[in-house]
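What follows is each chain in one-letter form.
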Amino acid sequence: MAPSDDPQADEPQDTADEHIVTPSEHTSPPHVRPAEPTSAPSSEAGRRNDSTEASSSSNHQSPGPPTHHPGLGVQVSAGANRGGTPFRRGVVSFVRRSPRMNVSQQKALDRLSDRYLVDVPRDTTSTSVAAGSTLDVAGIFGRTAPLTVEIGSGSGDTLAAVAAAHPDRDFIGFEVYLPSIATTLNKLAEKDVSNARVIMADAAAGLEHLFVAGQLDEVWTFFPDPWRKKRHHKRRIVNPDTIDLVTSRVRPGGLWRLATDWQDYADWMLDLLGHDDRLESVGAQPGPRWTERPLTRYENKGVTSGRVVHDFTWRVRTVESAS
């Protein structure tokens, strides 16, 4: 997930476009085992997105319920709850606003959601994942194969390219920005891949609730938002909690691939990952650029502006290597 054009901007404030999901708005998909539902207070259930407020300001009519797309929970929300406390948001690595899509993206969403988007039970917002949920990966893909999860799949360049190149493997990308998801669906369809899916959810919540220990073969975290101001560092997705999740969910011997073009974030990654006994370096860190990762528009923009891309690859230690 590429950061915003101005990563040093002041921290965005929560806005009224966040939507709280209620049990009546969500039906669990067939490949997901739902958790026990919780009820939502009526004051929160009535929150509206920007487009609804704009239309209602002229006719003074109460908005209807949010539109439900397969795989999307509800169309608009901000944040997620990972702590298990109803209606309390945890610290997340993203801040969402109401999505604004172009015509092509909207058509892709309408046409391809059923094919590529996986719906999951929600907690209190539409990017959350309900505790106690599990994902039937074999049911989704119709087979059992090595599984890679991408944290923040962005516009889908890497997800689509690598999935097309490795039809013997399965891939799931987590993304919270609806226009990026729509663009990803187009790219997956253009390559006619059948081994990749997208989940609109906070990746940390997805790792925690949807997968079991040792289920993943690889995790990718390419160009996460650097949250460069010190007071924003708590939002960085590469943090001790995420390390706990990755080292648990990735099988022994599996890989965690990362990349950033911000030097202070590279130092941050190296310090955290390099001092964790559950991980071992695959060669010198940072290492050479992973050749299978395509050059994205965001990466090229950073390189053109003079930033250096740092690639990291860490392996989850096996019992033998840890001893």
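Definitions and limits used
- Residues numbered from 1 in each chain as written.
- Predicted model: local features only at pLDDT ≥ 70, side-chain atom pairs only at ≥ 80, totals over all residues.
- Heavy atoms only, no water.
- UniProt positions renumbered as here; feature names shortened; annotations may be inferred.
- Buried < 20%, exposed > 50% of the residue type's maximum accessible area, 1.4 Å probe, protein only.
- Contact = heavy atoms within 4.5 Å.
- Helix = DSSP H or I, 4+ residues; strand = E, 2+ residues; numbered from the N terminus.
- Polar contact = N/O pair within 3.5 Å; in protein donor to acceptor, adjacent residues only side chain to side chain.
- Core = buried A, V, L, I, M, F, W, Y, C linked by side-chain atoms within 4.5 Å.

Chemist: Would you mind going over the UniProt feature "binding site: S-adenosyl-L-methionine" (unreviewed entry) in the chain with me for this structure?
Modeler: As recorded in UniProt, the sites labelled "binding site: S-adenosyl-L-methionine" (unreviewed entry) are Glu-150, Glu-175, Asp-202 and Asp-225. These annotated residues cover 76 residues of sequence, and their C-alpha atoms lie no more than 14.3 Å from one another, placing them together at a single site. By relative accessible area, Glu-150 is classed as buried at 4%. Among residues more than four places away in sequence, those in contact with Glu-150 are Thr-158, Leu-159, Ile-172, Gly-173, Phe-174, Trp-220 and Phe-222. By the secondary structure assignment, Glu-175 is in strand β4 (residues 170–175). Polar contacts involving the side chain of Glu-175 include one to the main-chain amide nitrogen of Tyr-177, which spans 3.2 Å.

Chemist: Hey, could you run me through the nonpolar core in this one?
Modeler: In a soluble, globular protein the nonpolar side chains are often hidden away together inside. By size, the foremost hydrophobic cluster in this structure holds 65 residues, and its most contacted members are Leu-135, Ile-172, Phe-174, Ile-199 and Phe-211. Sorting elements by how many residues they give to this core places helix α6 (residues 178–190) first, with 6 residues.

Chemist: What should I look at first to understand the environment of Arg-315 in this one?
Modeler: Considering the arrangement of structural elements, one finds Arg-315 in strand β9 (residues 310–316). With a relative accessible area of 28%, Arg-315 lands in the partly exposed category. The spacing of Arg-315 and Gly-253 is 62 residues in sequence and 5.7 Å in space, taken between C-alpha atoms. With residues near it in sequence (within four places) discarded, Arg-315 still touches Gly-253, Gly-254, Leu-255, Arg-278, Leu-279, Glu-280 and Val-282.

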